[in-house]
Every structure is written in structure tokens, then in C-alpha cells.
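Observations on the model geometry
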Amino acid sequence: MLVSIYTLGCKVNTYESNVILEQFKKAGYEQTTLNADVAVINTCTVTNTASKKSIKMIHQAIRKNPNAVIVVCGCMSQVAKEEVQNIDGVHIVIGNYGKSMIPKLVAEYLKEHKPIIDIRSLEQKEFECMRLENFNRTRAFIKIQDGCENFCSYCIIPYARGHVRSKKKSEILEEAKNLIANGHHEIVLTGIHTGHYGSDLKNENFASLLRDLLTLKGLERLRISSIEMNEITDEVIELMKNHSILVDHMHIPLQSGCDKILKLMNRKYDLKEFEQKLNDIRAVRPEISITTDVIVGFPNETESDFQETIRTVKKFKFSKIHVFPYSRRKGTVADSMDDQVDERIKKERTKKLIAISEQLEHDYWKLFLNRTVEVIPEVYKNENLIGHTGNYLLVKIPTQDDKLLHQTVMVKLIDMEGIYMIGKLV
């Protein structure tokens with residue numbers, strides 16, 4: 001039996017898809033990209049564009065696998081059940097609860113040949129524990145929590161993922177130990193609201209989880225996929241000061257560089273607080289790479305507001321900005337706001353901010369030219385090892401020695417070329 005997995009959206013979906021694939025393999029399936037017996041589409045709905053991509057991917061999976069059992073799961077099916085189940089050729093629809101049961105649901109469908117629609121409310125659900133044994137790469141994700149209760153005015157995710165619920169620390173530590181034993185040098189902690197880990201558990205928080213993970217033998221890097229500014233506590237910063245295993249990179253979403261827009265977005269900070277947090281982090285990690293997300297064209301954003309955002313991101317010296325044009329999302333507060341920004345203006349602002357991001361990124365790269373750094377190569381392609389530094393510089397290393405794949409190597413950074421820094425083995 002053959003299975004195909006299609007994944008859209010965030011690192012949490014990537015993790016969950018890998019767990020689903022691992023479970024199918026344990027049931028005797030082999031992975032394929034064409035003519036599968038089962039095709040699973042793990043959807044995203046964070047924006048209208050993401051929903052359209054999910055629908056497109058479902059139709060594509062049906063065409064590529066005409067005789068397959070088609071399973072659709074994830075955020076889009078959680079909030080748009082009818083739209084998904086009405087697609088001709090879809091046999092099983094679940095939301096964001098029950099992904100660990102997909103192989104059993106497929107077995108049930110193959111026995112009964114009756115459509116299965118199982119979208120459950122997430123309000124009273126506990127964390128659905130999933131465990132990954134092998135990520136098949138140097139870097140492995142661990143999903144530590146699910147859900148979000150921030151209710152930013154533009155975001156559908158609290159409705160698609162439910163309330164905050166955390167994985168037991170003992171299970172996270174055991175999963176991490178097994179991944180390290182299987183050759184993974186780097187662990188990436190991921191979740192929908194990662195830094196809110198432990199808020200639903202007794203005597204646990206994100207800092208205490210970090211502290212215990214940092215004691216694991218064989219772990220070379222510990223990375224946080226994304227964390228909100230107000231979740232970076234003094235205790236987290238103290239751990240960063242004292243433990244080099246915590247990498248020199250953090251992704252901290254800003255979303256807007258204008259206080260007026262931050263308030264309309266229902267973000268839980270202002271620019272003064274954000275800047276102070278950056279200063280606190282850089283006091284212990286002066287050359288840390290801090291990347292961010294910014295939404296442009298949010299309702300009521302004037303040209304003056306956008307120019308303030310440009311001044312802010314330059315002042316904060318981000319090393320990269322993920323730029324998103326605001327996308328209206330039915331069911332959110334922002335969708336019903338007045339003064340929606342014209343699509344043409346959104347595109348213009350997006351283009352301008354991406355250009356600024358590219359300049360900021362190159363400025364950051366230049367700090368490391370002619371320095372020797374640690375790189376863990378993840379792929380070998382065209383006689384080049386390609387991998388990341390701890391601060392997430394993507395490095396290409398010309399060599400014919402593919403035996404260094406997945407091994408920590410010392411590299412002198414000698415040039416910049418496109419998306420890569422060029423390294424020479426020391």
C-alpha cells in the first residue's frame with residue numbers, strides 16, 4: 001500500500017504530517033508522490049490565500065491519485081467543513097483533532113466504504129499527544145503545545161486550533177532523547193503559541209522546559225520556531241546568557257511598526273515595550289539574528305503609518321522580515337473594519353518592505369564575512385554541502401566530501417551569493 005502526504009502552512013503542520021507518515025509506515029505503507037492508495041492533505045487557512053491553496057492542493061491530490069482514499073485534515077477543514085466535504089472525491093474529513101487516528105480511519109473506510117466526517121469542538125479537548133521518532137534530517141521539530149488565546153483581530157487561528165493546551169514535559173523530554181539518539185543534532189520547539197507552553201499545566205512554563213532540555217546529552221542546538229515578545233521572560237533571557245546550545249536566532253513577530261495599527265490588531269504590546277525587549281536580548285546576545293513578521297495594508301493603515309513601520313524595522317535592525325499583505329478573513333474582527341486598503345496599495349507596500357528586508361539581511365550577513373563559524377550540513381547537492389549556522393545563515397560549502405553530511409564542521413565564510421553565504425572548510 002502507498003501513501004502520499006501533502007502539507008500546507010506552518011511548522012506545526014509539518015510536524016503533524018511527519019507523525020502521520022510515520023504511523024502509516026508502521027502500518028506497512030510506503031511513501032509515494034503519485035498513484036497512492038491513500039492521500040492525506042493537511043490544510044492551512046491562516047489567510048484567504050492559504051485556503052485557496054489548500055483547495056487547489058486537494059484537487060491536485062485527487063488528480064494525481066485517482067484511486068486513492070482522500071483524507072483532508074487541519075485548519076481549513078476545522079473552520080470550513082462544508083466547503084471541504086462537498087469536494088467531489090474527498091472521503092474522510094477531520095479537523096485539528098484526531099490526526100493521530102488517520103490510519104485507523106482509513107482502515108475503517110476501506111472496510112465500510114462510507115464517508116467519514118469527524119470535526120470535533122476543540123473547547124474542552126486536551127493536548128493530542130503525538131510523538132515523532134525520526135525526522136529524516138539534521139533538524140527535528142517537536143510540537144510542544146497547540147492552540148492560541150490571543151485573538152488578534154486579523155487571525156482565524158484561535159478558532160481553527162482552539163484553546164492553549166500543552167504536551168507533558170516528560171513526553172517532550174523522552175521524544176527529544178530519542179530524536180538525539182537517532183542522529184538529530186538540532187531540536188526545534190514548535191507550537192501555535194509556543195511561548196505560552198505550560199500555562200495549562202501545574203508548576204510548568206516555557207523557561208522550565210528550556211532548562212530541562214538544555215541538560216540533554218548530545219543536543220548541540222536548541223531552537224525556538226517563533227515566540228511572542230511578551231513571552232520572552234527574564235528567565236528565558238538568563239538561559240540565553242548562560243547556554244550557547246540555545247541558538248543565536250529568534251523569530252519574534254512584530255506585525256506592525258505603528259502603535260495605532262498594533263492597537264487595531266489587538267496585539268498585546270506597543271513599540272516601546274518591543275524595543276526594550278530587543279535591547280534586553282541583545283544585552284546578552286549582541287549579534288543575535290532576530291527575524292520578524294510584518295503585515296502591510298491592514299485596515300486604516302495610511303501611508304504615514306506605513307512609513308512609520310519602515311522607520312521602525314530599520315531602527316530595530318531585524319535580520320529578515322517575512323512580509324504579508326493583509327488578507328481579509330471571514331469570521332475575524334478586522335474583516336468588518338472600515339477603511340480597507342486597496343489591493344494595489346498593499347502590493348506596492350509589500351514590494352517596498354521586501355526590498356528593505358533584503359537590505360537588512362545582507363547587512364547582517366556582512367557582519368560574518370571572513371569569520372569562522374559552525375555549520376551542520378543538511379543536504380549534499382552538486383558537490384556542495386548546504387546547511388545552517390546556529391544564527392540561521394544558509395551556507396553553501398564546495399567540497400567533494402559528502403561524508404561530512406549531518407556532521408558539525410568549521411567553516412570560514414568568504415562570500416555571499418544569492419540566498420547563500422559561501423563557506424570554505426577549515
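Further up the page is the structure itself.
Presented here is an overview of the structure given in this document. (Residues numbered from 1 in each chain as written. Predicted model: local features only at pLDDT ≥ 70, side-chain atom pairs only at ≥ 80, totals over all residues. Heavy atoms only, no water.)

Description of unusual backbone geometry
Of note in this structure, His113 is not a glycine but carries a positive phi near 55°. Residue placement: His113 occurs in the loop between helix H5 (102-112) and strand S6 (116-118). (Helix = DSSP H or I, 4+ residues; strand = E, 2+ residues; numbered from the N terminus.)

A closer look at the pattern of salt bridges
Counted according to the given criterion, the structure contains 27 salt bridges. Residue Asp118 is joined to Arg120 by a salt bridge in which the shortest nitrogen-to-oxygen separation is 3.0 Å. With relative accessibility at 21%, the residue Asp118 sits in the partly exposed group. For Arg139, the salt bridge is made with Glu186, and the minimal N-O distance between the two is 2.7 Å. Here Arg139 is found in strand S7 (residues 139-146), whereas its partner Glu186 is found in strand S9 (residues 186-191), with 47 residues between them in sequence. Overall, Glu186 belongs to the buried group, its relative accessible area being 1%. Within the structure, one salt-bridge network assembled from shared partners comprises Glu16, Lys99, Lys143, Asp146, Arg161 and Arg165. (Salt bridge = Lys/Arg side-chain N within 4 Å of Asp/Glu carboxyl O. Buried < 20%, exposed > 50% of the residue type's maximum accessible area, 1.4 Å probe, protein only.)

A few points about the sheet that holds strand S5 (residues 92-94)
Pairing within the open sheet is parallel, and its 6 strands lie in the order S2-S1-S3-S4-S5-S6. The sheet is open, and its two borders are formed by strand S2 (30-31) and S6, each paired with just one other strand. Here 2 bridges tie strand S4 (residues 69-74) to S5, and the two strands are oriented parallel to one another. Looking at the pairing, Val72 lines up with Val93 of S5. In the packing of helix H1 (residues 11-26) onto the sheet, contacts are made with strand S1 (2-7), S2 and strand S3 (38-43), and the angle to S1 comes to roughly 175°. (Pairing = 2+ DSSP bridges. Contact = heavy atoms within 4.5 Å. Axes fitted to C-alpha atoms, helices over the stretch in contact; angles between N-to-C directions.)

Remarks on the pairing of S9
The side chains of a regular strand alternate between both faces of the sheet. In terms of burial, S9 is a largely internal element, 6 of the 6 residues being buried. Burial along S9 is two-sided: the face carrying Glu186, Val188 and Thr190 and the face carrying Ile187, Leu189 and Gly191 are both buried. Taken together, the 6 bridges between S7 and S9 define a ladder with parallel strand orientation. Of the residues in S9, the one forming a bridge with Gln145 is Gly191. Relative to strand S10 (residues 221-224), S9 runs parallel, the two sharing 4 bridges. In the strand pairing of S10, Ile187 is matched with Leu222. One crossover worth recording links S9 to the parallel S10 by way of helix H8 (residues 206-213), and it is right-handed. (Right-handed = clockwise from strand over helix to strand, strands pointing away.)

Overview of the sheet that holds strand S13 (residues 320-325)
With parallel pairing, 3 strands are arranged side by side in an open sheet as S11-S12-S13. Every interior strand has two partners, whereas the edge strands, strand S11 (249-251) and S13, have only one. Pairs of neighbouring strands in the sheet enclose a mean axial angle of 15°, with direction left out of account. Direction of pairing for S11 relative to strand S12 (residues 289-296): parallel, over a ladder of 3 bridges. For His251, the partnering residue across the bridge sits in S12 and is Thr291.

Digging into a positive patch on the surface
A contiguous patch of positive charge on the surface is contributed by Lys53, Lys56, Arg63 and Lys64. Of note, Lys56 is situated in helix H2 (residues 48-64). Judged by relative accessible area, which is 60%, Lys56 ranks as exposed. (Patch = residues over 30% accessible without salt bridge, like charges linked within 9 Å, V, L, I, M, F, W, Y side chains within 5 Å. Areas by Shrake-Rupley, 256 points an atom, 1.4 Å probe, with all protein chains shown as cover. Lys, Arg positive; Asp, Glu negative; His and termini not counted. Charge placed at Lys NZ, Arg CZ, Asp CG, Glu CD.)

Overview of the state of the cysteines
Taken as a whole and judged by the stated rule, the model has 0 disulfides. Left without a disulfide partner, Cys75 is nearest to the cysteine sulfur of Cys44, which lies 6.2 Å away. Considering cysteine sulfurs only, Cys152 is the nearest to Cys258, which forms no disulfide, with 16 Å between them. Given the relative accessible area of 2%, Cys258 is considered buried. (Disulfide = S-S within 2.5 Å.)

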